[in-house]
Amino acid sequence: MGGTVRGAAHPHRVPNTWEKYVQAESLTAGQWWIVALVVSALFLGAVHFTLRNGRATLYSLIAPVAGGISVLGASRARGHSEVEALIMFSASLLSLALFLVALRPELEKIRAKALVGETYEIPKWKSGVYGILVVTFAVVVVFMLL
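One structure accompanies this document, and this report is about it. Note that this is a predicted model, so its numbers are computed, not measured.

**Quick look at the side chain of Arg104**
Inference 1: With respect to the helices, strands and loops of the structure, Arg104 is situated in helix H4 (residues 82–115).
Inference 2: Separated by 3.0 Å, the side chain of Arg104 and the backbone oxygen of Phe49 make a polar contact.
Inference 3: Setting aside anything within four residues of it in sequence, one finds Arg104 in contact with Phe49, Thr50 and Arg52.

Next up, the structure:
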């Protein structure tokens, strides 16, 4: 008992609150590709906003391209459907974008210290907390949608 029943509604199962609003199957693969493109644009915007460097923004194109290749090829080899792979890709890239935006104040401190010849390191506890929050966000979003 319990668990998610795909397809027709199961007569003995009561949907949880989120299932009434978010259902991955309600969007087609084409619509999920649009979501992935929007999230990719948000990621590129977050990189540019955080680093303020055109070259870094250009290099950050590697992440969405590698993710698209993974969705097309490697995910099928692992047994994921195209929609599942797109959801995982979008949640992961969105969480990375949020991580970069959260690190911006720290990067500003690093930049300011570098201009005066000093060094600054992000405290390990702070980067650990950011990392945990990012991973938690991605996992929660993926499990809500799948």
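**Things to note about the nonpolar core**
Inference 1: Membership of the largest hydrophobic core comes to 15 residues, with the highest contact counts inside it found for Trp32, Phe43, Val71, Leu86, Phe89 and Leu93.
Inference 2: For this core, the element with the highest residue contribution is H4, accounting for seven residues.

**What to know about unusual backbone geometry**
Inference 1: Its identity as a non-glycine residue notwithstanding, Arg52 has a phi of 50°, on the positive side.
Inference 2: Here Arg52 shows up in the loop between helix H1 (29–51) and helix H2 (54–59).

**Things to note about the pattern of salt bridges**
Inference 1: For the structure on display, the rule yields five salt bridges.
Inference 2: Linking Glu108 and Arg104 is a salt bridge whose minimum nitrogen-to-oxygen distance equals 3.7 Å. Linking Glu108 with Arg104, this pair stays in helix H4, spanning four residues, or about one helical turn.
Inference 3: According to the relative accessible area criterion, Glu108 is partly exposed, its value standing at 32%.
Inference 4: In this structure, Glu106 engages Lys126 in a salt bridge whose closest nitrogen and oxygen atoms are separated by 2.8 Å. Taken together, the residues Glu106 in helix H4 and Lys126 in helix H5 (residues 124–145) connect sequence positions 20 residues apart.
Inference 5: Each of Arg104, Glu108 and Arg111 takes part in one network of salt bridges that share partners.

**Considerations on the packing of H1 against H4**
Inference 1: Axis separation between H1 and H4 bottoms out at 8 Å; the angle between their running directions is 10°. Here H1 is positioned roughly parallel relative to H4, judged by the angle of their axes.
Inference 2: Taken together, the residues of the contact of H1 with H4 sort by class into 23 nonpolar, three polar and three charged.

**Brief notes about the side chain of Lys126**
Inference 1: Judged by its relative accessible area of 18%, Lys126 is buried.
Inference 2: Discounting residues that sit within four places of it in the chain, Lys126 has contacts with Glu106 and Lys109.

**Some thoughts on the packing of helix H3 (residues 62–77) against H4**
Inference 1: It is at 9 Å that the axes of H3 and H4 come closest, and there the two elements cross at 155°. Between H3 and H4, the angle is such that the two are roughly antiparallel. Crossing hand, H3 versus H4: right-handed. Taken together, the residues of H4 that come into contact with H3 (itself represented by Ala63, Pro64, Gly67, Gly68, Val71, Ser75 and Arg76) are Glu82, Ala85, Leu86, Phe89 and Leu93.
Inference 2: Its residues assigned to classes, the contact of H3 with H4 comprises seven nonpolar, three polar and two charged.

What counts and what doesn't
Here the residue numbers are simple positions, counted from 1 along each chain's written sequence. Only residues with pLDDT of 70 or above have their local features reported here, since the model is predicted, and side-chain atom pairs are shown and tallied only from 80 upward, although totals for entire chains, interfaces and linings are computed over all residues. No hydrogens and no water enter the side-chain calculation; it runs on all heavy atoms of the structure. Numbering of helices and strands starts at the N terminus; helices are DSSP runs of H or I of at least 4 residues and strands are runs of E of at least 2. Residues adjacent in sequence count toward polar contacts only when both atoms are side-chain atoms; beyond that, a polar contact is any pair of N or O atoms within 3.5 Å, and within protein one must be able to donate a hydrogen and the other to accept it. Residue contacts are defined here by distance: any two heavy atoms, one from each residue, within 4.5 Å place the two residues in contact. Working definition of a nonpolar core: buried Ala, Val, Leu, Ile, Met, Phe, Trp, Tyr and Cys residues. They are joined through side-chain atoms within 4.5 Å. Each residue is placed in one exposure class: buried if its accessible area under a 1.4 Å probe, protein chains only, is under 20% of its type's maximum, exposed if it is over 50%, and partly exposed if it falls in between. Take a side-chain nitrogen of Lys or Arg and a carboxyl oxygen of Asp or Glu: if they are within 4 Å of each other, that pair is a salt bridge. Inter-axis angles, ranging from 0 to 180 degrees, are taken between N-to-C directions of lines fitted to C-alpha atoms, where helices are fitted over the stretch in contact. What sets the label is the angle itself: under 35 degrees gives roughly parallel, over 145 gives roughly antiparallel, 65 to 115 gives roughly perpendicular, and the rest give oblique. Ten residue types, Ala, Val, Leu, Ile, Met, Phe, Trp, Tyr, Cys and Pro, are classed as nonpolar, four, Asp, Glu, Lys and Arg, as charged, and the remainder, Gly among them, as polar. Each crossing gets its handedness from the near helix: less than a right angle anticlockwise from the far helix is left-handed, clockwise is right-handed.

In short, shape yes, function no, at least from these values alone.
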